[in-house]
Amino acid sequence: MVRQLGRYVLFTMRAFGGMGYVLRRPKLVLKQVYTLGLLSLPVISFASIFLGMVTALMVSYQLEAGVPKFYVGATGGRTILIEIAPLVIALLVVARVGSNITARIGTMKVTEQIDALETMGINSVHYLALPIILASIVVVPALVIYSDLISLVAAAVSAKVIVNVPIPQYIFGLKRYATLNDVLGGLLKTPFFGLAMGSISVYYGFQTELGAEGVGKSVTASVVTSAALIMILDFIVAFWMFR
Amino acid sequence: MIKVSGLSKCFSQQKVLEGIDFEAQDGRRVFILGKSGSGKTVFLKCILGLLVPDTGKIFIDEMDITPLMVKPRFKRKLTRIRQKIGYVFQGSALLDSLSVADNIALALDSKNFPWEEQNRIIDEKLEMVGLERKVRRKYPAQLSGGMKKLVAIARAIAAEPRYIFYDEPTTGLDPAMITRITKLIIELSEKLEVTSLIVTHDMGLARRAGQDIYFLKNYTLSRPRRITRLEELYE
Ligand SMILES: Nc1ncnc2c1ncn2[C@@H]1O[C@H](COP(=O)(O)OP(=O)(O)OP(=O)(O)O)[C@@H](O)[C@H]1O
Ligand SMILES: [Mg+2]
């Protein structure tokens, strides 16, 4: 466990050693941003709509009679911004993108593509790992912002349709109570979620052992570890910002 | 010249290579024959430092490269030496996410050629292996096994190596493609004056193209006395 952690940290540091190499080839990162972002959009859109709806529903259910309706916007919107969208989206990205990254790199390992890079004088960690890590640091926050917007709209609409909160009231509540601190508190952690997901996924990809089960094993380990680390990070940020 | 002395390699408890001495003279086509699982691929990878040998020394052009394999700070030096070698992998090992042209361009990555020059080299190497220009834009998944091998050979010769390693270049191909690749191996070794190191279990290939032949068996290399008796050695 400790040795794994040490190896992971060392690996990530080695990856960042390729910054110069990658800066001279920005296309490597752009390609990953495109791939990772595109992979996630459908599932994120779908999930965000339902996140918005269920949050509006749950909040109005918990509000007691007599509490003004704009509180659905205030509490529900804030919950989405601070916690639900960042965490759920990050976990979804782990499931959709992280697993894909590990499987892709693991396959490259067992089919000797990584050896091929090395024999051609290309540092495989610089060439493969760093662009994915950098792209993840950008893509996860972007997806969370996107999800914030979609879920807030979905929440407002479903608040109107299901529990009959007028949309202007919802917006009023959101504007009045959601602070910049909330938005930042939700967003600031996302690059770290991206870093965790990206680096863990490539790390396990590179650790893949030869043989038929190798890739499957790596993917499982990668998804579980990324999800756990993201939840730990999430708690640390919450403790630090909102205690 | 490539020289190996006292090379041993094992994985956890499993012995694969033990006390191997080997030499490939410049310009020769050197074959290592051995059955499946005898350690042929491991041997090639040890020479390149893709696997680190447990004991032994490996000299490439008189330079002992084994110390370079263990220390990260020698990585750049090792990289420079690896660039003398083109490697045709057993499964071709083309990068799935890149087109044929980009795969070949990878081999030129460290040379920083201008774009036109790089393009010219890609065309030239494709022509050398007898592939048409239109395969440039195809992806590995769209190629047959034989074509993948040819592209892998084009990629291996792109950076003008002095040595070419072939790992099972004919396995899994039809007779026509085997003949084509056999001819290509001979042709490249003569035209480019490279040293070829071929590991295979294809006796026919060894008989047609081999100049020096080794046999890998019981963890170690030996030289058969006569090529005509190759099959017997296999038993
Ligand atoms: N990375 C590795 N980790 C553990 N064992 C390995 C590894 N690579 C090879 N081996 C073992 O070493 C032995 C020799 O493998 P190698 O791939 O060199 O055989 P080969 O002669 O190339 O066979 P083939 O003709 O099937 O390709 C095998 O028993 C294999 O299981
Ligand atoms: Mg092999």
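Worth saying up front: this structure is predicted, and the values here are computed from it rather than measured.

A.B. asks: Describe the coordination of the magnesium ion (ligand 2), with residues and values.
C.D. replies: All of the protein donors around the magnesium ion (ligand 2) are T41(B) (OG1) and Q90(B) (OE1); their distances to the metal are 1.9 to 2.3 Å. Taken together, the residues T41(B) in helix α1 (residues 40–48) and Q90(B) in the loop between β6 (85–88) and α4 (100–106) connect sequence positions 49 residues apart.

A.B. asks: Lay out the site of ligand 1 in plain terms, naming residues and giving numbers.
C.D. replies: Ligand 1 sits among 14 residues. The nearest are Q14(B), S36(B), T41(B), Q90(B) and E168(B). Two or more chains meet at ligand 1, and those chains are chains A and B. G37(B) has a polar backbone atom sitting 2.8 Å from an oxygen atom of ligand 1. One of the backbone nitrogen or oxygen atoms of S38(B) is found 3.2 Å away from an oxygen atom of ligand 1. Protein burial of ligand 1: of its 640 Å² of free accessible surface, 68% is covered by the chains. Looking at the shell around ligand 1, the elements that each hand over two or more residues are β2 (14–24) and α1 of chain B. Among the elements that line the shell around ligand 1, the one with the most residues is α1(B), at 3 residues. Residue composition of the shell around ligand 1, by class: 4 nonpolar, 7 polar and 3 charged.

A.B. asks: An account of the packing of aromatic side chains is requested, with residue identities and associated values reported.
C.D. replies: Scanning all chains against the criterion turns up 10 aromatic pairs over all chains. Arranged with centres 4.9 Å apart and planes meeting at 55 degrees, the rings of F22(B) and Y214(B) form a pair that is tilted. In this pair, F22(B) sits in strand β2 while Y214(B) sits in strand β9 (residues 212–217), placing the two residues 192 residues apart along the sequence. The positively charged end of R25(A) is found above the aromatic ring belonging to Y21(A), 3.8 Å away from the centroid. One cation-aromatic arrangement involves R223(B) over Y214(B); the distance from NZ or CZ to the ring centre is 4.7 Å.

A.B. asks: Before we move on, could you go through the interface of chain A and chain B and cite the residues and values that matter?
C.D. replies: Contact with chain A, which involves 17 residues of that partner, is made by 24 residues of chain B. Overall, the association of chain A and chain B removes approximately 1,700 Å² of surface from exposure, summing both partners, and the carbon and sulfur fraction of that is 52%. Counting the surface chain A buries against chain B, the share from its top three residues, E112(A), T119(A) and M120(A), is 36%. Run the count over chain A and chain B and you get 5 salt bridges. For E112(A), the salt bridge is made with K45(B), and the minimal N-O distance between the two is 2.7 Å. Seen at the junction of chain A and chain B, the total is 7 residue pairs in polar contact (both at pLDDT 80 or more). Per element, the largest residue contribution to the side of chain A that touches chain B is 6 residues, and it comes from helix α5 (residues 113–119) of chain A.

A.B. asks: A description of the side chain of D182(A) should follow, citing residues and the corresponding values.
C.D. replies: All names here are of chain A. By secondary structure assignment, the location of D182 is in helix α8 (residues 180–188). Classification of D182 by relative accessible area gives buried; the value is 2%. Side-chain polar atoms of D182 contact the side chain of R78, separated by 2.7 Å. Beyond its immediate chain neighbours, meaning those up to four positions away, D182 contacts R78, L81, I82, Y177 and F242.

What counts and how
- Residues numbered from 1 in each chain as written.
- Chains lettered and ligands numbered in written order.
- Predicted model: local features only at pLDDT ≥ 70, side-chain atom pairs only at ≥ 80, totals over all residues.
- Heavy atoms only, no water.
- Donors = N, O, S within 2.8 Å, 3.2 Å for Na, K, Ca; no water.
- Helix = DSSP H or I, 4+ residues; strand = E, 2+ residues; numbered from the N terminus.
- Near = heavy atom within 4 Å.
- Polar contact = N/O pair within 3.5 Å; in protein donor to acceptor, adjacent residues only side chain to side chain.
- Areas by Shrake-Rupley, 256 points an atom, 1.4 Å probe, with all protein chains shown as cover.
- Nonpolar A, V, L, I, M, F, W, Y, C, P; charged D, E, K, R; others polar.
- Phe/Tyr/Trp six-rings, centres within 6.5 Å; stacked < 30°, edge-to-face > 60°.
- Lys NZ or Arg CZ within 6 Å of the ring centre and 35° of its normal.
- Contact = heavy atoms within 4.5 Å.
- Buried area = accessible area lost by both parts, 1.4 Å probe.
- Salt bridge = Lys/Arg side-chain N within 4 Å of Asp/Glu carboxyl O.
- Buried < 20%, exposed > 50% of the residue type's maximum accessible area, 1.4 Å probe, protein only.

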